[in-house]
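Working through the structure, step by step
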Amino acid sequence: MALSLEQLREELQYHKTNNCVQCGYCLPVCPTYLTFRNETHSPRGRINLVKMVGEGNITDLSVLEEPFNLCLGCRACETACPTGVEYGSILDAARAAILKRKTLSVSKQLLRRILLKKMIPSKRMMNVAGHSIWFYKRSGLQKVLRISGVMNKIPYNLGTFESIMPEGTSPIERYHAKKEIKAQKEVKYTIAFFTGCIMDAMFHHINQLTIRLLSAAGCDVIVIPNQTCCGALHAHAGDRDEAIRLAKRNIAAFEEVNADFIVNNAGGCGAMLYEYKHLLANDKEWAERALAFSNKSKDISEILLENGGVLGMAPRNGERVTYQHSCHMTNVQKVKQEPLELLLSVPGINYIEMDQAEMCCGSAGIYNIVNYDASMHILDEKMKLVKTTEARIIITTNPGCLLQMKLGIEREGLSNSLRALHLVEYLAEAAGISVYKNK
Ligand code: SF4
Ligand code: SF4
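Counting restarts for each chain: residues are numbered from 1 in the order of the written sequence. Numbering of ligands from 1 and lettering of chains from A proceed in the order in which they are written. In keeping with the predicted nature of the model, local features appear solely for residues at pLDDT of at least 70, side-chain atom pairs appear and are counted solely at 80 or more, and the whole-chain, interface and lining totals rest on all residues. Water and hydrogen atoms play no part in the side-chain values, which are based on all heavy atoms of the structure.

Considerations on the overall build of the chain
Put simply, the rule is: Only DSSP runs of H or I reaching four residues or more are called helices, and only runs of E reaching two or more are called strands; each is numbered from the N terminus. Computation of the radius of gyration draws on C-alpha atoms alone. For the globule rule, the value is 2.2 Å times the number of residues to the power 0.38. Working definition: with a 1.4 Å probe on protein chains only, accessible area under 20% of the residue-type maximum means buried, over 50% means exposed, and in between means partly exposed. Here, two residues are considered to be in contact whenever any of their heavy atoms come within 4.5 Å of each other. Using a 1.4 Å probe, accessible areas were evaluated by the Shrake-Rupley method; residue-level cover was limited to the displayed protein chains. Working convention for charge: Lys and Arg count positive, Asp and Glu count negative, and His plus the chain ends are omitted. Here the site of a charge means NZ on Lys, CZ on Arg, CG on Asp, or CD on Glu.
Looking only at helices and strands, the chain has 24 helices and 9 strands in total. In terms of C-alpha radius of gyration, the chain reaches 22 Å, essentially the compact-globule figure of 22 Å for 439 residues. Dimensions of the chain, computed from C-alpha atoms along their principal axes, come out at roughly 65 × 50 × 40 Å. Within the chain, the fraction of its 439 residues that count as buried is 54%. Taking as baseline every contact in the chain between residues at least 6 positions apart, the subset at least 24 positions apart corresponds to 79%. Total accessible area computed for the chain in this model is approximately 20,000 Å², and 54% of it derives from carbon and sulfur atoms. Each charge class in the chain was averaged separately, 52 positive and 45 negative side chains, and the resulting centres sit 5 Å apart.

Given below as structure tokens:
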């Protein structure tokens with residue numbers, strides 16, 4: 001049944017486009033506008049397209065498809081906007097509306113069902129994925145497949161990402177990983193740690209370092225077993241219902257422990273946890289619970305800084321370090337200074353600020369897979385800026401950015417002179433904290 005214009009406006013959050021005064025202040029911060037130089041690939045252009053649909057001037061919603069699919073969702077436009085346009089809500093609503101009217105090919109439907117609905121929300125399946133990475137790297141399979149040339153034939157350029165796969169964690173290490181850890185000094189907070197799905201599968205060691213840093217800073221830390229994916233990938237892919245389902249699962253799971261804070265170490269996940277309060281704002285049963293959850297959600301940098309930073313770090317002898325911001329941490333959580341302050345607290349580093357350090361690196365969830373060419377263009381531009389810093393280390397605060405920076409290093413042939421690290425890895429390295437032993 002065709003929707004009335006009023007219903008279509010509601011579906012597309014049309015009323016939120018009215019705050020846009022067309023000033024264009026958001027254009028210079030939009031990576032896709034700078035890449036494509038088309039109005040339709042700018043925030044203002046995308047907002048105008050929704051406006052035109054809401055006013056009945058465009059009736060075929062497929063016109064929205066390419067502009068909104070190519071949006072990174074980095075939300076830099078929101079930070080730049082002087083009138084407070086809620087671009088994130090407009091984006092999510094447009095993507096959901098497009099998805100609803102589109103008949104996906106059988107292979108895409110299958111991919112979405114397996115990856116987004118079955119695999120990512122399942123702790124067990126993500127653990128298997130993490131073990132598979134470890135096995136692939138350690139068993140010799142990697143060498144065999146590289147020599148065979150199979151990697152070049154995998155769809156969606158996934159073979160390219162093989163080169164930046166982390167080492168992974170063995171099943172035994174994962175089995176013995178800390179689920180609870182006591183504060184190493186007077187207890188200041190009880191923390192429930194949010195592990196994330198990709199983060200825990202691919203960078204399990206960073207999660208383990210995170211809880212050790214929190215413990216050293218005076219926190220009792222608990223890792224709740226029945227938590228799940230934050231739902232960010234689902235929300236950004238237009239599957240709002242699944243994002244809501246996952247949000248409710250997490251809220252209920254974390255309510256079981258009375259923690260002072262729910263701490264994460266992944267900018268993208270942290271932003272989604274922060275947004276649960278908006279996602280469930282109109283749900284009578286869940287609105288208050290979601291608000292309480294979001295208010296307790298913090299990035300690790302906020303907690304470490306509040307507890308006096310990381311103690312006992314060894315000097316770094318003038319090591320040249322630069323920092324790539326996580327867009328979601330900056331533009332959604334509005335956590336910007338804390339990671340930088342922590343980084344600057346490492347003694348003896350030579351911090352070089354990168355030009356446009358807040359501009360998205362092109363990772364953006366699965367953007368670098370589904371929009372590979374655009375993502376690589378954005379990454380190559382980012383790497384030009386990285387190179388001008390002559391840094392030896394790029395620090396990031398999100399698993400997607402970390403992988404993308406590693407890919408940029410590979411593409412530039414710089415793997416012998418440049419490393420990409422999560423801030424947690426760098427702080428732990430400086431403080432002599434490892435997954436296997438504390439200092
Ligand atoms: S979210 Fe990022 S890519 Fe999308 S319109 Fe805003 S600035 Fe541009
Ligand atoms: S900065 Fe805000 S008001 Fe100005 S064009 Fe962009 S979205 Fe519209």
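Some remarks on the environment of Val128
When you line up the elements, Val128 lands in helix H8 (residues 123-138). Separated by 279 residues in the primary sequence, Val128 and Leu407 have C-alpha atoms spaced 24 Å apart.

Side note on the side chain of Arg95
Convention followed: Salt bridges are counted wherever a side-chain nitrogen of Lys or Arg sits within 4 Å of a carboxyl oxygen of Asp or Glu. As used in this structure description, the phrase polar contact means that two N or O atoms lie within 3.5 Å; if the pair is within protein, one of them must be able to donate a hydrogen and the other to accept it, and residues adjacent in sequence are counted only when both atoms belong to side chains.
Examined against the element boundaries, Arg95 turns out to sit in helix H6 (residues 87-101). Nearest to the buried, unbridged Arg95 among oppositely charged side chains is Asp92, at 5.4 Å. A distance of 2.6 Å separates the side chain of Arg95 from the backbone oxygen of Cys71, its partner in a polar contact. The contact partners of Arg95, leaving out residues within four places of it in the chain, are Phe68, Asn69, Cys71, His236 and Gly238.

Considering empty space enclosed by the protein
Applicable threshold: Using a grid of 1 Å spacing that covers the protein atoms alone, one calls a set of points a cavity when a 1.4 Å probe fits there but cannot get out, and a pocket when the set is open and has protein on both sides within 12 Å along at least five of seven lines; lining residues are those with an atom within 4 Å of a point. Grid points are joined across faces, edges and corners, and a volume is the space filled by probe spheres set on the points.
Per the stated rule, a full pass over the model turns up 4 cavities of 30 Å³ or more. For the largest cavity, the calculated volume is near 120 Å³. Taken together, the elements giving at least two residues each to the lining of the largest cavity come down to helix H3 (43-54) and helix H5 (76-80). Here the element with the most residues in the lining of the largest cavity is H3; it accounts for 3 residues.

As for the layout of surface pockets
Note the cut-off: Residues are grouped as follows: Ala, Val, Leu, Ile, Met, Phe, Trp, Tyr, Cys and Pro are nonpolar; Asp, Glu, Lys and Arg are charged; all remaining types, including Gly, are polar.
Taken as a whole, the second largest pocket spans an internal volume of roughly 900 Å³. Lining the second largest pocket are 32 residues; nearest its centre among them are Gln13, Lys16, Ser89, Arg240 and His278. Listed by contribution, the elements that provide at least two residues to the lining of the second largest pocket are helix H1 (5-11), H6, helix H14 (232-236), helix H15 (240-255) and helix H16 (267-279). Element by element, the count of residues in the lining of the second largest pocket is highest for H6, at 7 residues. Taken together, the residues of the lining of the second largest pocket sort by class into 12 nonpolar, 8 polar and 12 charged.

Some details on the site of ligand 2
For clarity, the threshold we go by: For this description, a residue counts as near a given molecule or strand if any of its non-hydrogen atoms is within 4 Å of it. Throughout, a molecule is located in a cavity or pocket provided that more than half of its atoms lie within 2 Å of its grid points.
Among the 13 residues in the neighbourhood of ligand 2, the closest are listed as Cys20, Cys23, Gly24, Cys26 and Cys81. Here ligand 2 occupies the largest cavity. Its residues assigned to classes, the shell around ligand 2 comprises 9 nonpolar, 3 polar and 1 charged.

Quick word on the packing of H15 against H16
What counts, and what does not: The axes are straight lines fitted to the C-alpha atoms, using for helices just the contacting stretch, and the angles between their N-to-C directions are given from 0 to 180°. To sort the angles, those under 35 degrees are grouped as roughly parallel, those over 145 as roughly antiparallel, those from 65 to 115 as roughly perpendicular, and the leftovers as oblique.
Look at H15 against H16: their axes get within 11 Å of each other, and the N-to-C directions meet at 105°. Viewed along their axes, H15 and H16 adopt a mutual orientation that is roughly perpendicular. Each of Arg240, Ala243, Ile244, Leu246, Ala247, Asn250 and Ile251 in H15 lies in contact with H16, whose residues at this interface are Met272, Tyr276 and Leu279. Within the contact of H15 with H16, the residues separate by chemical class into 8 nonpolar, 1 polar and 1 charged.

Some points on the site of ligand 1
With respect to spatial proximity, the complete set of residues near ligand 1 consists of Cys30, Pro31, Thr32, Pro43, Arg46, Cys71, Leu72, Gly73, Cys74, Arg75, Cys77 and Tyr87. Of all the elements in the fold, those that place two or more residues in the shell around ligand 1 are helix H2 (31-36) and H3.

Thoughts on the pattern of salt bridges
Inspection of every chain in the model, using the stated rule, returns 21 salt bridges. Between Glu242 and Arg245 there is a salt bridge, with its nearest N and O atoms 2.7 Å apart. Here Glu242 and its partner Arg245 are both found in helix H15, 3 residues apart, which amounts to about one turn of the helix. Each of Arg316, Glu319, Arg419 and Glu429 takes part in salt bridges that share partners, so that together they form one network.

Observations regarding the nonpolar core
Condition: Definition of nonpolar core: a set of buried residues of the types Ala, Val, Leu, Ile, Met, Phe, Trp, Tyr and Cys, connected through side-chain atoms within 4.5 Å.
Core analysis: the biggest nonpolar cluster contains 65 residues, and Ile191, Leu214, Leu304, Leu343, Ile395, Tyr426 and Leu427 have the highest contact counts within it. No other element matches the 7 residues that helix H24 (residues 423-431) contributes to this core. The residues touching Leu214, leaving out its near neighbours within four places in the chain, are Ile191, Cys219, Val221, Val263, Ile300, Ile303 and Leu304.

Brief notes about the sheet that holds strand E8 (residues 393-396)
As a reminder, the rule being used: Only strands that DSSP links by at least two bridges are regarded as paired with each other.
On the basis of which strands lie adjacent, the open sheet formed by 4 strands has the order E7-E6-E8-E9 and parallel pairing. Two strands in the sheet have a free side with no partner beyond their single neighbour: strand E7 (349-351) and strand E9 (419-422). On average, adjacent strands in this sheet sit at an angle of 35° to one another, irrespective of strand direction. Sheet contacts for helix H20 (residues 337-344): strand E6 (319-323), E7 and E8; angle to E7, the most-contacted strand, approximately 140°.

Here's the deal with the packing of aromatic side chains
The line we're drawing: Under the pairing criterion, centres of Phe, Tyr and Trp rings, with the six-membered ring standing for Trp, must be within 6.5 Å; the plane angle then separates stacked pairs below 30 degrees from edge-to-face pairs above 60, leaving the rest tilted.
Throughout the structure, instances matching the rule amount to 5 aromatic pairs. Both rings, one in Tyr189 and one in Phe261, keep their centres 4.9 Å apart while their planes meet at 85°; by these two values the pair is edge-to-face. Linking Tyr189 in strand E2 (residues 189-193) with Phe261 in strand E4 (residues 261-264), this pair joins segments that are 72 residues apart in sequence. Three or more aromatic residues link up through ring pairs in this structure, and these residues are Phe194, Phe254, Tyr276 and Phe293.

Remarks on unusual backbone geometry
A positive phi angle, close to 60°, is found at Lys334, a residue other than glycine. Taking relative accessible area as the criterion, Lys334 reaches 48% and is therefore assigned partly exposed. For Glu390, which is not glycine, the phi dihedral falls at a positive 55°. Of note, Glu390 is situated in the loop between helix H22 (372-389) and E8. The class of Glu390 is exposed, set by a relative accessible area of 52%.

As far as function goes, none of this settles anything; it's purely spatial.
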